[in-house]
Structures are given as structure tokens and as C-alpha cells.
Amino acid sequence: SVLDTGSDFSLFGQAVILFLIQFGGLGIITFVALMALASKGSLSVPHQATLSQVSNARSFVDARQQVLYIAVIALGVEVIGALCIMSSAPVDISGGFDRFFWSLFHSVSAFCNAGFALQSDSLESFSSNWGLGLCFMALITLGGLGTPVLRELGSLRWHRTRLGGRRLMRSLGDGRFSPRLRVQAKLALGTTALLLLIGFAGFALLEWNGVLADKPVHERILAALFQSVSPRTAGFNSVPIGDCQDSTRLLLILQMVVGANPVSTGGGIKTVALAVLFLTLRSMLAGRNQVEVAGRTLPSSVVRAAVSLTVIYIFVAVSLTLVLSITDPDHSMENLAFEIVSALSTVGLSTGLTAELSGIGKFILCVAMFAGRVGPLTLAMTVVRSQASRHTYPTESVVLG
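My aim in this report is to walk through the structure given alongside it, one point at a time. (Residues numbered from 1 in each chain as written. Predicted model: local features only at pLDDT ≥ 70, side-chain atom pairs only at ≥ 80, totals over all residues. Heavy atoms only, no water.)

1. Quick word on the overall build of the chain
Stated precisely, the cut-off is as follows: Strands are runs of DSSP state E lasting at least 2 residues, helices are runs of H or I lasting at least 4, and numbering of each runs from the N terminus. The rule is simple: take the accessible area with a 1.4 Å probe, protein chains only, and divide by the maximum for that residue type; under 20% is buried, over 50% is exposed, in between is partly exposed. We call two residues contacting when some pair of their heavy atoms lies within 4.5 Å. Note on areas: Shrake-Rupley, 1.4 Å probe, and residue coverage restricted to the protein chains presented here.
Check the secondary structure of the chain and you find 14 helices and four strands. The 401 residues of the chain split such that 46% are buried. Taking all contacts inside the chain whose residues are at least 6 apart in sequence as the whole, residues at least 24 apart take part in 65%. Entry remark: accessible area of the chain is about 20,700 Å², with carbon and sulfur atoms responsible for 66%.

2. Focus: helix 6 (residues 130-145)
We count it as follows: To estimate the expected span of a helix, subtract one from its residue number and multiply by 1.5 Å. Counted as a polar contact is a pair of N or O atoms within 3.5 Å, where, for protein atoms, one must be capable of donating a hydrogen and the other of accepting one, and residues adjacent in sequence contribute only when both atoms are in side chains.
For helix 6, spanning 16 residues, the distance from its first C-alpha to its last is 22 Å, which sits close to the expected 22 Å at 1.5 Å a residue. Three or more residues of helix 6 are buried, namely Leu132, Gly133, Cys135, Phe136, Met137, Leu139, Ile140, Gly143, Gly144 and Leu145. Near the N-terminus of helix 6, the side chain that reaches the backbone nitrogen of Gly131, with its oxygen 3.1 Å away, is that of Asn129. Immediately downstream of helix 6, the backbone of Gly146 shows phi near 100 degrees, a positive value.

3. So, the nonpolar core
Put simply, the test is: Take the buried residues of types Ala, Val, Leu, Ile, Met, Phe, Trp, Tyr and Cys, join any two whose side-chain atoms come within 4.5 Å, and each joined set is a nonpolar core.
Ile21, Ile85, Phe105, Phe136 and Phe236 are the most contacted members of the largest nonpolar core, which totals 33 residues. For this core, the elements supplying multiple residues, two or more each, are helix 1 (11-26), helix 4 (60-88), helix 5 (96-111), helix 6 and helix 9 (217-229). Filtering out sequence-adjacent residues up to four positions away, Phe136 remains in contact with Ile85, His106, Ala110, Leu123, Phe226 and Phe236. One finds Leu336, Ala343, Leu365 and Ala368 within the second-largest nonpolar core, a separate group that totals 22 residues.

4. Looking at the packing of aromatic side chains
Selection criterion: Here is the rule: rings of Phe, Tyr and Trp (six-membered ring for Trp) pair when centre to centre is within 6.5 Å. Planes less than 30 degrees apart are stacked, more than 60 are edge-to-face, and the remainder are tilted.
The final tally for this structure, using the stated rule, is four aromatic pairs. Pairing Phe101 with Phe105 gives two aromatic rings, centres 6.2 Å apart and planes at 45 degrees, and the pair type is tilted. Of this pair, Phe101 and Phe105 both sit in helix 5, four residues apart, which is roughly one turn of that helix. Accessibility assignment for this pair places Phe101 and Phe105 in one class, buried.

5. Examining unusual backbone geometry
Phi at Ser122 takes a positive value of approximately 60 degrees, unusual for a residue other than glycine. Take Ser122: its relative accessible area is 9%, and that puts it in the buried class. A positive phi angle is found at Lys270, which is not glycine, with a value near 85 degrees. Inspection of the secondary structure assignment puts Lys270 in the loop between helix 10 (246-258) and helix 11 (271-285).

6. Topic: the pattern of salt bridges
Basically, it comes down to this: The working definition used for a salt bridge is a side-chain nitrogen of Lys or Arg within 4 Å of a carboxyl oxygen of Asp or Glu.
Tallying each qualifying case throughout the model produces three salt bridges. In this structure, Arg249 engages Asp246 in a salt bridge whose closest nitrogen and oxygen atoms are separated by 2.8 Å. Linking Arg249 with Asp246, this pair stays in helix 10, spanning three residues, or about one helical turn. You can call Asp246 partly exposed: its relative accessible area is 47%. A salt bridge links Arg249 to Glu334; the nearest nitrogen and oxygen atoms lie 3.2 Å apart. With Arg249 in helix 10 and Glu334 in helix 13 (residues 333-344), this residue pair connects regions lying 85 residues apart in the sequence. Exposure remark for Glu334: the relative accessible area of 27% places this residue in the partly exposed category.

7. Concerning the side chain of Lys215
Basically, it comes down to this: In this count, Lys and Arg are taken as positive residues and Asp and Glu as negative ones, while His and the chain termini are left out.
By secondary structure assignment, the location of Lys215 is in the loop between helix 8 (183-207) and helix 9. In this structure Lys215 is buried but unpaired, with Glu219 as the nearest side chain of opposite charge at 4.4 Å. Not counting residues within four places of it along the chain, the set of residues in contact with Lys215 comprises Ser127, Arg220 and Val239.

This is the structure:
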């Protein structure tokens with residue numbers, strides 16, 4: 001944003017922004033499906049197929065249930081998050097209805113991974129508040145996990161057997177014992193945990209004597225934890241990003257490129273795509289023709305989609321950074337690349353450069369945000385749903401290196 005949401009907009013303007021954040025968090029397809037279900041209408045078969053692809057549903061009926069599940073989970077988590085934020089926020093922020101609106105605004109912004117705050121310094125004023133920090137990190141993480149993962153975790157419970165008192169997880173859907181998650185959830189959860197660990201360790205090591213130097217140890221840990229969660233998806237910051245070292249900003253760029261999980265409120269190439277790329281590389285180095293993980297073989301269409309998403313993302317990011325460097329030559333290439341990646345991954349982090357860009361430069365950021373929100377999804381569906389060719393040309397090998 002180029003204006004201060006808290007001071008430059010009226011309460012009505014902030015409410016409009018809040019609605020747009022919620023609309024973007026749910027997603028266009030999900031929102032349209034909710035409107036159709038609310039009006040007792042029905043979606044066409046192509047639209048139901050699209051919804052099934054987006055929501056990772058097994059059938060059309062499951063897709064409709066998934067839409068309702070998304071709405072219930074989103075609204076429930078946002079209300080609970082608002083109450084938690086309101087209980088942890090300082091007393092002198094605001095009172096009465098304004099205090100609840102302040103909490104609700106930040107809860108929706110965090111869960112939808114929007115990164116809009118009603119303070120000009122984002123969350124820097126609350127960098128020492130562990131209660132608020134944990135609330136925001138929980139909301140950001142839940143929003144970035146994605147509906148398929150949340151739904152699968154919610155459909156499992158612990159069941160005590162009579163054999164030795166052992167505990168097993170049982171699926172509530174079919175009643176069978178199933179201590180294993182699906183591959184989708186395993187890849188998403190494993191990659192997310194690994195990225196959070198790398199982000200925390202990297203930010204703490206690089207900025208321990210930098211932007212964190214004037215803080216007590218417990219505040220340094222909180223800031224490093226927060227900056228390992230937020231940059232990949234949400235865009236909140238508890239420390240001034242412009243004061244971070246070049247190496248730290250590069251780490252943040254890499255985090256923003258990856259982004260959140262599929263079918264979530266975040267952007268980026270997505271964690272599962274990154275995991276599929278590494279699994280593909282592992283299979284190639286091992287001399288295997290198939291990509292295998294957790295006792296399953298990934299279809300070639302998924303591998304092609306992951307490679308296509310990554311290549312297109314990098315191409316668009318480099319191209320837009322080059323164009324932005326031409327329209328705004330007074331700024332460093334590193335800061336321009338940071339702005340482009342942040343926009344393309346719909347993160348919202350900035351080094352303070354956004355408002356200083358030219359009109360054309362801001363328009364380029366709008367193009368990047370639109371491409372990041374719509375382009376990768378459309379591309380993935382196109383690749384996955386592509387039909388087999390009716391002909392095959394003779395095979396000829398080429399030298400790659």
C-alpha cells in the first residue's frame with residue numbers, strides 16, 4: 001500500500017479494505033461458489049470441475065462440502081483470533097467497538113495473509129508483546145496451511161485401543177484406523193516446518209547483532225520467530241525491513257518466492273511445488289524414472305506443473321524487475337527485486353520503497369500482484385488438465401552440459 005491504512009482511511013474505507021481482504025483470502029472461485037450455494041443455485045459441470053481442482057476434492061459433492069468447510073473454518077478462526085488479539089492488545093489502543101474492530105481487522109488480515117495493519121509501522125510497536133506475536137503467528141500459519149491440510153488434520157482423532165492402551169489416529173470419514181496422512185498433507189506440513197526452522201535460524205544469525213542488537217534476548221527470539229512466519233505469506237513486520245542487511249533481505253526474498261501451501265490464503269510457488277522439485281531432483285540423481293514419496297508415485301502431470309510454475313515465476317520476476325529498473329533507475333536493483341517478489345507472491349513486505357516509485361512503477365507492481373494471484377493457479381490447472389497428444393515425433397537426444 002502507498003497510503004497509511006490507519007490514518008488515511010475513514011472507518012468506512014477500512015471496512016471496505018477488510019471486505020476485500022476477506023474476499024481475496026477466500027479466493028474468487030470459492031467466493032462465487034459460496035454465493036451460488038447461498039442462493040440455492042447450482043454450478044455448471046465445468047465450474048464444479050474447476051472447483052474440485054482448486055480445492056483438491058475427490059468429487060463434486062466433496063468440493064461443495066469443501067467450500068462450506070472453508071467458510072466455516074475461516075470465519076471461526078477469524079472470530080477466535082480477534083478475541084485472542086483483543087485480550088493480548090494493550091489497553092490504551094482503543095475502547096469499545098473500535099477496540100473489537102481493531103482486533104477483527106488484524107485477525108482477518110493475518111488469517112488471510114494480507115499484511116495490512118492499522119499502524120504505519122505495521123507491528124513494530126508490539127515487537128515485545130509475546131501474546132500478540134503468538135496470536136498473529138498462529139493466524140498466519142493456519143491461513144497459510146491450506147484448507148486440504150486443515151480439513152485432513154480436523155478429520156483425525158486419537159483413539160485408545162484395548163491392546164496395551166496404545167493410541168492411534170482414526171479417520172472419522174470411514175472409521176478405519178489410519179495413522180498416516182495423505183501425501184499432500186505430509187509434503188505441506190514437512191516443508192512448512194523446515195522453512196520455519198530455516199527462516200528462524202537464518203534471521204537470528206544474520207540480524208542478532210544487526211537490527212536485533214538493541215533488544216533483550218527474549219525479544220530477539222520473538223522477532224526472529226515472527227520474521228520466519230510472516231515473510232513467506234503475510235507481510236507483517238515487527239522490525240524495520242529497510243534496516244536489515246543485504247543477506248537478510250535475500251533470505252526474505254527466497255522465503256517469499258516459496259510462499260504458503262496450496263489452496264491457502266498465501267501466494268508464491270507454494271511449498272508442495274518446492275517439495276516436488278526436490279523430490280524430482282532426488283529421483284534424477286538416483287537414476288529413477290518415477291518420483292516417489294511416502295510409498296506413493298507422483299503423476300508426471302504434477303511434476304510438470306511444479307516445474308512450469310517455478311520457471312514461469314522466475315521468468316516473470318526477472319522480467320518485471322528489469323522493467324522496473326528501467327522505469328525507476330534511481331533505486332538499487334536489490335530493493336526493486338524485493339518489491340517485485342513481494343508483489344508477485346502477494347506478500348506485501350516493503351523496504352519503504354513502494355510509495356516512492358513512479359506511477360508506471362506502481363502499475364508494474366499491480367501487474368505483478370495480479371499475475372501472482374491469478375497466473376500460477378491458471379497455469380497449474382492448464383498443465384494438470386492437459387490432454388495427451390494424438391501423435392508422437394521420433395525421439396532425439398540433446399546434450400545439456
